[in-house]
Amino acid sequence: MANVTVIGAQWGDEGKGKLVDWLSNRADVVVRFQGGHNAGHTLVVEGKTYKLSLLPSGVVQGKLSVIGNGVVVDPWHLLSEIEKIGGQGVAITPDLLVLADNACLILPLHRDLDQAREAAAANKIGTTGRGIGPAYEDKVGRRAIRVADLADRSALEAKIDRLLAHHTPLRRGLGLPDVDAGALLAELETLAPQILPFARPAWLLLDEIVKSGKRVLFEGAQGALLDVDHGTYPYVTSSNTVAGQAAAGSGIGPRGAGYVLGIVKAYTTRVGEGPFPTELFDAVGQRLGERGHEFGTVTGRARRCGWFDAALVRQSVALNGISGIALTKLDVLDGFETLKVCVGYKVGGETLSYFPAGLKAQASLEPVYEELDGWSETTAGARDTRDLPANAIKYVRRIEELIGAPVALLSTSPERDDTILMRDPFQD
Ligand code: IMP
């Protein structure tokens, strides 16, 4: 199988960046297909840490990297990330980075709206405040400015007018000052010459790449439980994060997604608001957070932590058509006497094997746990299954059974090489 799609199978922050970086060795192109700079991918390569939010993780390996049409792009942020990574020795040129000319832009007015709404809301979503939701709203509302518009002053002028006709009343309602159309036009015209050299019909490039038998690696952002349709709505992000979006968000066609690799953390975390059945508020949760360094890459917020939820990941396996998983951060569980795994939920005397869509049921459900023996040895840095304690292997095998998908890779530290390959996704 030629292509691989990597997605987060929980609420994001499963360690996708490291796995994409590791797999990009075997790929010819790396493609982002949804989300924006709300994502945070940390790569540790030979002791050097790279923090990416918008650039595909393949850039660090010097792989051709594509930001697809499904991504919402803050052009100012893109330029600053290019400069930051350039400062770390990775020169981002149009030979390395392609930006879909039909991707929609995030503007400062989107960020203003995101932040003002969050500040005013009684029920906060806990967004990253980067304008992601409002930018997707304008895309679906057919008034977004797209990358290609930067090359066309008259299109830009007309689109700014249309956009402001929508945003001005919203801003006034939230007590925000009006946006000056001329100033926005001037700002966009200033950055256009820096952005446009990267702009191309990405779908056409991908079509050529696929026809020439090259391998594409799709890099998801966030996680399936934050999907706008399938996640814990309304506490979700504003894009489809499931593997199916790799096709629509890049223009490659549904057969192109290939092997779907779900990235799964050996326990559960979530940032922002919303339901989290296995969340721990005690010393165990605190220990998971400390040992796992669970702080958001983008916002620095402490992540909420809890036991592994096999019912939710089983749901994610189905929603994404997951072929196999990469299990990350097993070492954070080292030293626990017993470990709990959620296998389903109790709702009003009934047992459910899946997470229900209704808010009332979500609020009242209780996790049903299975207990497993822990291990005292360390698994950190293991590079062979023979280096793992027997109980760690039992934990991994039980997870496979419960979620209905095999473990293809095990990641035992943030370092690229601390990875155990059990099945090669590019060969499977
Ligand atoms: P937004 O994507 O900024 O609109 O935020 C919506 C929800 O998605 C919030 O709960 C965020 O914390 C969450 N979120 C967005 N991006 C990420 C990510 O990369 N990892 C984890 N959570 C995220």
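Residues numbered from 1 in each chain as written. Predicted model: local features only at pLDDT ≥ 70, side-chain atom pairs only at ≥ 80, totals over all residues. Heavy atoms only, no water.

**Q** Can you break down the environment of D149 residue by residue, with the values?
**A** Position of D149 relative to the elements: it lies in the loop between helix 4 (132-140) and helix 5 (153-173). D149 sits 20 residues away from P169 along the chain, and the two C-alpha atoms are 24 Å apart. The contacts of D149, once residues within four sequence positions are left out, are A144, A155, L156 and K159. (Helix = DSSP H or I, 4+ residues; strand = E, 2+ residues; numbered from the N terminus. Contact = heavy atoms within 4.5 Å.)

**Q** Outline the domain arrangement of the protein chain, supporting the account with residue identities and numerical values.
**A** Once the domains are mapped, the protein chain shows domain 1 (104-195) and domain 2 (263-427). Inter-centroid distance (C-alpha atoms) of domain 1 to domain 2 is 37 Å. Listed per partner, the contact involves six residues of domain 1 and five residues of domain 2. Buried area between domain 1 and domain 2, summed over both chains or domains, comes out near 380 Å², and the portion from carbon and sulfur atoms is 53%. On the domain 1 side of the contact with domain 2, G126, T128 and R130 bury the most area, a combined 69% of that side's loss. Linking domain 1 to domain 2 there are zero salt bridges. (Domains from an automatic or database assignment. Buried area = accessible area lost by both parts, 1.4 Å probe. Salt bridge = Lys/Arg side-chain N within 4 Å of Asp/Glu carboxyl O.)

**Q** Outline unusual backbone geometry, supporting the account with residue identities and numerical values.
**A** Look at the link from Y233 to P234: it is a cis peptide, with omega at 5 degrees. Relative to the helices and strands, P234 is located in the loop between strand 10 (216-219) and helix 8 (245-248). Of note, Q222 is a non-glycine position whose phi angle comes to about 55 degrees, a positive value. As for its position among the elements, Q222 is in the loop between strand 10 and helix 8.

**Q** Explain the site of the ligand to me, and be specific about the residues and the numbers.
**A** In the region of the ligand, 16 residues are neighbours, and D13, N38, T128, T237 and R301 sit closest. Protein chains shield 97% of the accessible area of the ligand, which is 460 Å² for the free molecule. Grouping the amino acids of the shell around the ligand by side-chain chemistry returns six nonpolar, eight polar and two charged. When residues of the shell around the ligand are assigned to domains, at least three map to each of domain 1 (104-195) and domain 2 (263-427). (Near = heavy atom within 4 Å. Areas by Shrake-Rupley, 256 points an atom, 1.4 Å probe, with all protein chains shown as cover. Nonpolar A, V, L, I, M, F, W, Y, C, P; charged D, E, K, R; others polar.)

**Q** Hey, could you go over the pairing of strand 16 (residues 338-347) for me, with residue numbers and the actual values?
**A** Relative to strand 16, strand 14 (residues 308-309) is paired through two bridges, and the arrangement is parallel. What sits directly across from D309, in strand 16, is C342. Across three bridges, the pairing between strand 16 and strand 17 (residues 350-352) is antiparallel. Along strand 17, the bridge assignment pairs Y345 with L352. (Pairing = 2+ DSSP bridges.)

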